[in-house]
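Chain by chain, the residues run as shown.
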Amino acid sequence: MHRLFFIITCPLPSRSVDQGQIKNNLKYHIVCSYFESKSFLPSFLPPSLPPWELVARLVQSSLNFRLFVSLTTISVLGIYCYTYKKLIYIVLHLNRKEELLSLQPRSVSTQTLSVWHGTGKPVSEEPGDLNIVFLKTHKTGSSTVQNILFRASERHNLTVAFPLYSYQFAYPERFSRAFVEDIPPGATHFNLLCSHMRLDVGEVRAIMPSHSIFLTILRHPVQTFESVFHYYLNMVPAFQPLANHSRPLLAFLEASAQYYNAQDSSNGLAKNPMAFDLGLSPRDEESANSEWSVELEKLNQTFHLVMIAEHFDESLLLARELLGLDMEELVYVKLNVRHKEGEPLSKGLAQKIQAWNWFDMQLYKFFQRILWHKVERYGYMRMKRELDTFRALLRETVARCLAEDSVGPGDMADALRPWQPSSVTILGYRLKQNLTYAQYSSCFRLVLPELQYHTYLYYKQYGKDMRPLPTT
Ligand SMILES: Nc1ncnc2c1ncn2[C@@H]1O[C@H](COP(=O)(O)OS(=O)(=O)O)[C@@H](OP(=O)(O)O)[C@H]1O
């Protein structure tokens, strides 16, 4: 009987219970040591309890002990699982973070972080009201972003602020409210402004709702300048004399002073084109350093998001959160892609481009850093998950819509042919045959070049054709 009670109530091997443990668990000690004394061990605490009290204590002790063991086990398991899971999370999180941050400079001012609007809700005049200013910088992938915004404008019935004449807001003049077409009858305010301009923030704010979301895009200055140079070779005065040169870019960078006149605003794209579009006036590099960082900080206060073309998908996902769009609304194909001929840029030439575009380099590095801080706040794991989903969606879209990869201007429908400058060939797309009406409608818009989409939306909004540029 004693032996049986001992086995039931003292499941732990009693010999392994040391004095310290016994003191900590007196009831256990009393009962178990009683039975030990009776059955197995020489007694060191001889009990003199009547049998009924012993049984009562035994039951109570047993229950308490089991409760104690159960609670302890649950707690230990809980703590273990929590810590272990957290550990796994931290390890993964850090690995991803390290991987991404290792590519980037790490410091950023706290002020630059303060403008993040990470609530997932659009900041707008009224609930559901979407107001967007997209500064369309030159040769940065901005037509691809504009196409996404044009599609969103149709889907959300947005009123677009169009230029009074043609496709641009009197570029390269600084933006003025006078360059904007009248608001159409029935609309109370513009919701979207996304045509080329040279930025003047005050003037933009004068015609857009006060809580508009400001977006823009930057691209690495080497690729941007190369693209600008070849695309505008016959249009920008500083480049024109080199139009027939066998190596025009090298020739320009080796003797830029000979070709470039800073006083001519038509040369705005010929040096630091992104800074020019953002309304900055780059000065002498050495003296400009401190003023320049103030200018950058001001831009950072203005723009809710500066996208980076080299991280186009990450940028779009951040924009999506700001604008409250569905992922399906972000699908895109690259527009305005130049057919590249000849050798890739040499290292030496790339360095020359960087030196020539010093302000654009500072601008790019500054906002690239900020983009990664935004990704960090967004969550690396979340970004990774969403990128995977988004890229699968992009692949599906391409497979559904396109007959093949990008094609030259001779191989596509007239309506889908992008405008061709005389200096380079711009690629476009051919749609698949046998699309349903709904598929055709969405695929057509996906590949519709800037000028055609602009013309179409203007007509839809005003019921008339756009005005051409005055000839004077
Ligand atoms: N999604 C995406 N990501 C990265 N790069 C992209 C993207 N879409 C377009 N592009 C490249 O951007 C160049 C065209 O830029 P824009 O559309 O801004 O040109 S324009 O100023 O409106 O004429 C053009 O560059 P180049 O091909 O080097 O000339 C495009 O290839």
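It should be emphasised that the depicted structure is a prediction, and the values quoted were computed from it without experimental measurement. (Residues numbered from 1 in each chain as written. Predicted model: local features only at pLDDT ≥ 70, side-chain atom pairs only at ≥ 80, totals over all residues. Heavy atoms only, no water.)

> Lay out the overall build of the protein in plain terms, naming residues and giving numbers.
Within the protein, the secondary structure is distributed over 18 helices and four strands. Within the protein, the proportion of its 472 residues that are buried is 47%. Taking the contacts inside the protein whose residues are at least 6 apart along the sequence as the reference set, 75% of them involve residues at least 24 apart. Total accessible area on the protein stands at roughly 24,100 Å², and carbon and sulfur atoms take up 56% of it. (Helix = DSSP H or I, 4+ residues; strand = E, 2+ residues; numbered from the N terminus. Buried < 20%, exposed > 50% of the residue type's maximum accessible area, 1.4 Å probe, protein only. Contact = heavy atoms within 4.5 Å. Areas by Shrake-Rupley, 256 points an atom, 1.4 Å probe, with all protein chains shown as cover.)

> Let's hear about the site of the ligand: which residues, and what values?
Residues in contact with the ligand amount to 22 residues; listed here are only the nearest, K136, S142, S143, S227 and K340. The side chain of K136 places a nitrogen or oxygen atom 2.6 Å from an oxygen atom of the ligand. Interatomic distance of 2.6 Å between a side-chain N/O atom of S143 and an oxygen atom of the ligand. In terms of residue class, the shell around the ligand is made up of five nonpolar, 10 polar and seven charged. (Near = heavy atom within 4 Å. Polar contact = N/O pair within 3.5 Å; in protein donor to acceptor, adjacent residues only side chain to side chain. Nonpolar A, V, L, I, M, F, W, Y, C, P; charged D, E, K, R; others polar.)

> Talk me through the sheet that holds strand β1 (residues 132-135); I want residue IDs and the actual numbers.
Taken in spatial order, the four strands make up an open sheet running β2-β1-β3-β4, and their pairing is parallel. A single partner strand is all that each edge strand has here, and the edge strands are β2 (192-193) and β4 (305-308). Sheet topology places β1 next to β2; two bridges connect them, and they run parallel. Following the sheet pairing, V133 is matched in β2 by L193. The strands touched by helix α13 (residues 312-323) within the sheet are β1, β3 (213-218) and β4, with β4 carrying the most contacts at an inclination of about 155°. Strands in contact with helix α15 (residues 358-378) are β3 and β4; relative to β4, the strand with the most contacts, it is inclined by about 105°. (Pairing = 2+ DSSP bridges. Axes fitted to C-alpha atoms, helices over the stretch in contact; angles between N-to-C directions.)

> Describe the packing of helix α6 (residues 142-155) against helix α18 (residues 450-462), with residues and values.
Orientation of α6 relative to α18, taken along the N-to-C sense of each, is 25°, at an axis distance of 10 Å. On the basis of their axis angle, the class for α6 and α18 is roughly parallel. Handedness of the α6/α18 crossing: left-handed. Seen from α6, the contacting residues are S143, Q146, N147, F150, R151, S153 and E154; seen from α18, they are E450, Y453, H454, Y456, L457 and K460. Looking at the contact of α6 with α18 residue by residue, the classes come out as four nonpolar, five polar and four charged. (Parallel < 35°, antiparallel > 145°, perpendicular 65-115°, else oblique. Left-handed = near helix turned anticlockwise from the far one by under 90°.)

> Let's hear about the side chain of T137: which residues, and what values?
Mapping T137 onto the fold places it in the loop between β1 and α6. By relative accessible area, which is 0% here, T137 ends up buried. Here I217 takes part through its backbone oxygen, which lies 2.6 Å from a polar atom of the side chain of T137. Discounting residues that sit within four places of it in the chain, T137 has contacts with S142, H196, T216, I217 and D277.

> Go over the packing of aromatic side chains, please, and point to the residues and values.
Centre distance and the angle of the planes are the two values used to describe a pair of aromatic rings. Per the counting criterion, the structure on display carries 25 aromatic pairs. Relative to F276, the ring of Y171 lies with its centre 6.1 Å away and its plane at 85°, an arrangement referred to as edge-to-face. Residue Y171 is found in the loop between α6 and β2, and its partner F276 is found in helix α11 (residues 273-277); the two are separated by 105 residues along the sequence. The burial state of Y171 is the same as that of F276; both residues are buried. (Phe/Tyr/Trp six-rings, centres within 6.5 Å; stacked < 30°, edge-to-face > 60°.)

> So what's going on with empty space enclosed by the protein? Which residues, and what values?
Gaps left between atoms are located by rolling a probe of water-molecule size over the structure's atoms. Going through the model one piece at a time under the given rule, you end up with three cavities of 30 Å³ or more. Here the largest cavity is characterised by a volume of approximately 60 Å³. Lining the largest cavity are V145, I148, L149, L215, M307, L316, A319, L323, L325 and L330. Residue assignment for the lining of the largest cavity shows that the elements contributing at least two residues are α6 and α13. (1 Å grid on protein atoms, 1.4 Å probe; cavity = no way out; pocket = protein on both sides within 12 Å on 5 of 7 lines; lining within 4 Å. Points joined across faces, edges and corners; volume = space filled by probe spheres on them.)

> Can you lay out the pattern of salt bridges for me, pointing to particular residues and giving the numbers?
Tallying each qualifying case throughout the model produces 16 salt bridges. A salt bridge links D313 to R391; the shortest N-O distance between them is 2.8 Å. Residue D313 is found in helix α13, and its partner R391 is found in helix α16 (residues 380-401); the two are separated by 78 residues along the sequence. Residue classification places R391 among the partly exposed residues on the basis of a relative accessible area of 34%. Here the residues in one salt-bridge network are R320, E321, R382 and E386, joined through shared partners. (Salt bridge = Lys/Arg side-chain N within 4 Å of Asp/Glu carboxyl O.)

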